[in-house]
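Survey of secondary and tertiary structure
Now for the letters of each chain:
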Amino acid sequence: MHLPHFKYYAPRSINTLNTLIENINGQAIILAGGTELLPRMKMRLIQPEHLISILKIKQLENIKIKNDKKIEIGATVRIDNLANFFKANKPFNAIFQAANMVGSQQIRNMATIGGNILQNTRCKYYNRTLQWQKIMPPCHKRGGNICYAVKNSKRCFAVYQSDIAAPFIVLQGKAEFLFNKNFIQKPVEDIFTGNGAVPFNIGKSILIKFILPASEDGIISTYKKYRIRDGMDFPIAGVAVAIKIENKKIDDIKICLTGVSSAPVVIKNIKDFISEKKLTDKLIHEISEIAYNQAHPVENIDGDANNRRYMIKQMTFEAIKELIGSYEK
Ligand SMILES: Cc1cc2nc3c(=O)[nH]c(=O)nc-3n(C[C@H](O)[C@H](O)[C@H](O)COP(=O)(O)OP(=O)(O)OC[C@H]3O[C@@H](n4cnc5c(N)ncnc54)[C@H](O)[C@@H]3O)c2cc1C
Ligand code: SF4
C-alpha cells in the first residue's frame, strides 16, 4: 500500500506553525510520529491535502519538572522516552507501565505521546483496505448511516485503544491546546466525545503539552493491560488505578478503563463507596464489580466482548491488590 499525494510542511516554531495554518487552504492534518496516521492514509481512510509535521518544533519535545513540581510533557515526546522518564517512579508508575507496553519497541521509538492520546478509534469493520471499502456501504464512521457492529445503532462504537490516556486521567493530567493563537488547558478526560465516529471535541486545535500535578505523598498507581500478543498489540481491555493512602487508610481511589468503549471510561462513585471502610478482599471484589458494570464492550475489535469485560473485573482486582501490597512493603 502506498501513500496518497499530499503537500508536506515542517515548521520549526509555534509562530511559524500558526502562520502556516492561517495561510493553508484545504484540509491540513498534524503529523507527529506517523505510526497511526500514515497507516490510515495508506488505507485511504483519510486523504489530507496538507500534512504538517511538528517534529522539528524543539519546544514540544521535552519533559520538564517545573518549580512547583508539576511535570510538563511536550506533545512530541517519544513513548520510549516517556517510559524511561517515569521508570521507578511509584506515584506515576501507571504511566511507565502503560508507555512500556505500547505496541512494539519500534513503535515506541517513533510514536509520540500527543499522537498516542489523539489516536483515532478503531473497529474491525472500519480499519480496512480501499478494496473492502468499495464493496461495503459506508457505516457511520465513513459518513453513512449504518453500523456493522451494533445492528440498528444510530451511533458508532469504534474503540479508543490508547494505553496512556487512562493513567493520565487517574493521575489528573491536563492537556494544553493551541487554537487561533490562544492556549487552552483541559483535563484529559474532557477531550473525548464518546462517539466513535468523531472521538475528540478539540476541533482543529493543536496539542502542545500535558501537565501532571506535583505528586503528593501517599499516591501510588498501576496499569494492567489485556492484549492478544505481548510485545505488539493494542489493549483490548486496560485498567489504570491510582490510590491515595493517608494514615494507613485509602483516602481516594481513581479507576479508568481503556479498550472497552469509544472513550476512556472513568469509573464513577468509587470514592464514596470506600469511605471509612476497611479495604478487605470482599470490598476489592465489590469495587471490581462496579468497574465491570460500567464497561460495555461490543464485538468490533479482537477478542470476545464478554471475555474483555470479565478481564476488566480481574485486572481491577489485581491492580488494587498490587497497590495495597506495594504500599505495605
Ligand atoms: C502495530 C501498532 C501497534 C500499536 N500498538 C499500540 C498499543 O499497544 N497501545 C497504544 O496506545 N497505541 C498503539 N498503537 C497506536 C499509535 O500508533 C501509537 O500509540 C502512537 O503513540 C501514535 O503516535 P504518533 O506520534 O505516531 O501519532 P501520529 O500517527 O503522527 O498521529 C496520530 C493522530 O494524532 C494527531 N496528532 C498527533 N499529534 C498531534 C498534535 N500535537 N496536535 C494535534 N493532533 C495531533 C494526528 O493528526 C493523527 O490524527 C499502535 C500502532 C501500531 C501501528
Ligand atoms: S462501530 Fe459500527 S459505525 Fe463504528 S466503525 Fe464499527 S461498524 Fe462502523
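Rules used throughout
- Residues numbered from 1 in each chain as written.
- Chains lettered and ligands numbered in written order.
- Predicted model: local features only at pLDDT ≥ 70, side-chain atom pairs only at ≥ 80, totals over all residues.
- Heavy atoms only, no water.
- Salt bridge = Lys/Arg side-chain N within 4 Å of Asp/Glu carboxyl O.
- Helix = DSSP H or I, 4+ residues; strand = E, 2+ residues; numbered from the N terminus.
- Buried < 20%, exposed > 50% of the residue type's maximum accessible area, 1.4 Å probe, protein only.
- Pairing = 2+ DSSP bridges.
- Axes fitted to C-alpha atoms, helices over the stretch in contact; angles between N-to-C directions.
- Near = heavy atom within 4 Å.
- Polar contact = N/O pair within 3.5 Å; in protein donor to acceptor, adjacent residues only side chain to side chain.
- Areas by Shrake-Rupley, 256 points an atom, 1.4 Å probe, with all protein chains shown as cover.
- Nonpolar A, V, L, I, M, F, W, Y, C, P; charged D, E, K, R; others polar.
- Domains from an automatic or database assignment.

Here the structure, examined in full by the defined rule, presents 16 salt bridges. Of the charged contacts, one joins Glu 216 and Lys 244 as a salt bridge, the two residues approaching to 2.9 Å between their closest N and O atoms. Of this pair, Glu 216 sits in the loop between β8 (206-212) and β9 (219-226) while Lys 244 sits in strand β10 (residues 237-246), and the two are 28 residues apart along the sequence. For Glu 216, a relative accessible area of 42% gives the class partly exposed. Overall, the relative accessible area of 16% leaves Lys 244 in the buried class. One salt bridge in this structure joins Arg 227 and Asp 230, with 3.4 Å as the shortest N-O distance. Connected via shared salt-bridge partners are Glu 72, Glu 176 and Lys 209.

Bringing the sheet that holds strand β2 (residues 28-31) into the picture now. Sheets are built from strands paired through backbone hydrogen bonds, the pairs being either parallel or antiparallel. The sheet built from three strands is open, its strands ordered β1-β3-β2 with parallel pairing. At either end of the open sheet lies a strand with only one pairing partner, and these are β1 (7-9) and β2. The sheet shows a mean angle of 25° between the axes of neighbouring strands, taken without regard to direction.

Across the seven residues that make up β8, a large majority, seven, are buried. Pairing of strand β5 (residues 71-74) with β8 involves four bridges; the strand directions are antiparallel. Bridging from a neighbouring strand, Ile 71 pairs with Leu 212 of β8. In this structure, strand β6 (residues 174-179) lies alongside β8, joined through five bridges in antiparallel fashion. Of the residues in β8, the one forming a bridge with Glu 176 is Lys 209.

This brings us to the sheet that holds β10. Taking strand neighbours across the sheet as the criterion, the four strands line up as β9-β10-β11-β12 in an open arrangement whose pairing is antiparallel. The open sheet has two free edges, formed respectively by β9 and β12 (265-266), since each of these has just one partner strand. Pairing geometry for β9 and β10, over eight bridges, is antiparallel. Paired with Ser 221 across the two strands is Ala 242, which belongs to β10.

Let us look at the site of ligand 1. Neighbouring residues of ligand 1: 34 residues in total, closest Ile 30, Thr 35, Leu 37, Thr 112 and Asp 163. With respect to ligand 1, the side chain of Thr 112 contributes an N or O atom lying 2.7 Å from an oxygen atom. When ligand 1 is considered free in solution it has 970 Å² of accessible area, and contact with the protein chains removes 90% of it. Of all the secondary structure elements, the ones that give two or more residues to the shell around ligand 1 are β2, α2 (37-42), α6 (113-117) and β8. A per-class count over the shell around ligand 1 returns 17 nonpolar, twelve polar and five charged. Built from parts of two domains, the shell around ligand 1 gets at least three residues from each of domain 1 (1-54) and domain 2 (219-328).

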